[in-house]
Amino acid sequence: MSTISHDELEAIRDSVRALCEQFPGAYWRDLDAKREYPTAFVKALTDAGFLGALIPEEYGGSGLGLRAACAILQEIHKNGCNAGAAHAQMYTMGTVLKHGSPAQKKDLLPKVASGEIRLQAFGVTEPTSGTDTLQLNTTAVKQGDHYVVNGQKIWISRAEHSDYMVLLARTTPKDQVKKKGEGLSVFLLDMREAKNNGMTIRPIRTMMNHATTEIFFDNVKVPAANLIGEEGKGFKYILDGMNAERTLIAAECLGDAEWFINKAVAYANDRKVFGRPIGQNQGIQFPIARAYAQFKAASLIVQSSADKFDAGEKNAEEANMGKMLASEASWAAAEICVQVHGGFAFAEEFDVERKFRETRLYQVAPISTNLILSYLAEHVLGLPRSF
Ligand SMILES: Cc1cc2nc3c(=O)[nH]c(=O)nc-3n(C[C@H](O)[C@H](O)[C@H](O)COP(=O)(O)OP(=O)(O)OC[C@H]3O[C@@H](n4cnc5c(N)ncnc54)[C@H](O)[C@@H]3O)c2cc1C
């Protein structure tokens, strides 16, 4: 993939910013209060072609690469919007692109690129296994020309707004696999079909406006042709896609950090107490400056993760570190933004409390900080395995 120039990235940021101007704080506040999906915002992103950034041109996408996709998501968050309702349309297709058959790619990817098909549900997490994905219990049992799926998933975001789900299920019982990482398979589940045939979606109301759900599968049939890649290799396929996901979410954190920092600086310059701007006090200045330094440092790692991905190099170390550092930078910026605003931070019309709730998620999902540290300790530094 060709590297993208600074000017091209700036042009992308300019057009994302122009789009975001149509969706000011009031739009998000209204949806937040009602816990409603930002349909108009997602449509605007789709129509502008931003969600097809990672899909190669031969399949109707723009083939811009991860660096550009990160710029899109960062700019969305920097401008006070939230890409969580749509970001998975960018990357969930990665499993099909990398491991799908030529027919699956030809059939699906152009429709995902145009937005005709929404492939933005990713079914991995289960209530009993949590982060320990290899313990998941949802089964897919082959019967003739189809598989029968039974089990339960939790925290499956955008399921009510998706036509397909990339589903991870067990095809070989745990006690019959040769290697720990085998026995799980990935399927393209047609959710429109499944909804009337054994799949139940139950929304979960969360502390921020995030369309997440739990899903129950009761003898749901999936055609064998919808298996992605080889049976039993699903865990590896899912891991392959996670580095792109982590880098993109890190970019959203960077955008949040910029939003909080800009908002804190503006307020600190403006608000006068004891006869001078509160920003004149070093007790106000220093935490903002520290959050800015954290944001800049995290940006470099996230950028390096995206560049390595676009160059076809391994980026797991940078993807994990970038996600952790960016989520910590956004949280540090959120924390000082609240403090700087004093009582007004708690008023909904300032948007600070909403963004504060939104950005907290990223230290837990899509991967929690402890699990990133565990990856770095054991896989990068060579410390003994703890699990
Ligand atoms: C809003 C939201 C949206 C989500 N969307 C999706 C989605 O679309 N698809 C999907 O599949 N999943 C989704 N998730 C799930 C998300 O990926 C998990 O919540 C996350 O990975 C943490 O897993 P868990 O909740 O099961 O926590 P657990 O695995 O139960 O862990 C709980 C805590 O214990 C810590 N912990 C666990 N084991 C260890 C250990 N060995 N050492 C140290 N600490 C440990 C973890 O770091 C964590 O902080 C979403 C979650 C949320 C909240």
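Treat the numbers as computed from the prediction; the structure is a model and nothing was measured.

About the thresholds
- Residues numbered from 1 in each chain as written.
- Predicted model: local features only at pLDDT ≥ 70, side-chain atom pairs only at ≥ 80, totals over all residues.
- Heavy atoms only, no water.
- Phe/Tyr/Trp six-rings, centres within 6.5 Å; stacked < 30°, edge-to-face > 60°.
- Helix = DSSP H or I, 4+ residues; strand = E, 2+ residues; numbered from the N terminus.
- Buried < 20%, exposed > 50% of the residue type's maximum accessible area, 1.4 Å probe, protein only.
- Axes fitted to C-alpha atoms, helices over the stretch in contact; angles between N-to-C directions.
- Contact = heavy atoms within 4.5 Å.
- Nonpolar A, V, L, I, M, F, W, Y, C, P; charged D, E, K, R; others polar.
- 1 Å grid on protein atoms, 1.4 Å probe; cavity = no way out; pocket = protein on both sides within 12 Å on 5 of 7 lines; lining within 4 Å.
- Points joined across faces, edges and corners; volume = space filled by probe spheres on them.

**Examining the packing of aromatic side chains**
1) Next: Applying the stated criterion across every chain yields a total of ten aromatic pairs.
2) Next: Aromatic side chains Trp 28 and Phe 41 sit 4.9 Å apart centroid to centroid with 75 degrees between the ring planes, which places their arrangement in the edge-to-face category. Pair noted here: Trp 28 is in helix H2 (residues 25–34) and Phe 41 is in helix H3 (residues 39–47), with a separation of 13 residues, a long-range link. Each member of the pair Trp 28 and Phe 41 is classed as buried.
3) Next: Taking the centre distance of 4.7 Å and the plane angle of 65 degrees together, the rings of Tyr 147 and Phe 187 count as edge-to-face. In this pair, Tyr 147 is assigned in strand S3 (residues 146–157) and Phe 187 in strand S5 (residues 184–190), connecting sequence segments 40 residues apart.

**Quick notes on unusual backbone geometry**
1) Next: Of note, the amide linkage connecting Ala 365 to Pro 366 takes the cis form, showing an omega dihedral of 0 degrees.
2) Next: Here Pro 366 shows up in the loop between helix H12 (352–360) and helix H13 (369–380).
3) Next: We note that Asp 351 has phi near 70 degrees; this positive angle belongs to a residue other than glycine.
4) Next: Its location among the elements puts Asp 351 in the loop between helix H11 (316–341) and H12.

**Notes on the packing of helix H4 (residues 66–78) against helix H10 (residues 282–310)**
1) Next: Where H4 contacts H10, the two axes come as close as 8 Å, and the packing angle between them is 145 degrees. Residue-level inspection shows Leu 66, Arg 67, Cys 70 and Gln 74 of H4 in contact with H10, the latter providing Phe 295, Gln 303, Ala 306, Asp 307, Phe 309 and Asp 310.
2) Next: Partitioning the contact of H4 with H10 into residue classes produces five nonpolar, two polar and three charged.

**Considering the side chain of Asp 256**
1) Next: Mapped onto the secondary structure, Asp 256 falls in helix H9 (residues 234–270).
2) Next: When neighbours within four sequence positions are excluded, Asp 256 is seen to be in contact with His 77, Lys 78, Ser 330, Lys 355, Thr 359 and Tyr 362.

**Points about the layout of surface pockets**
1) Next: By volume, the second largest pocket amounts to about 460 Å³.
2) Next: Taken together, 20 residues line the second largest pocket, and the ones lying closest to its centre are Arg 13, Gln 74, Phe 295, Ser 299 and Gln 303.
3) Next: Counting residues per element, the lining of the second largest pocket draws most heavily on H10, at eight residues.
4) Next: Residue classes in the lining of the second largest pocket are distributed as ten nonpolar, four polar and six charged.

These figures come from the coordinates and say nothing about function on their own.
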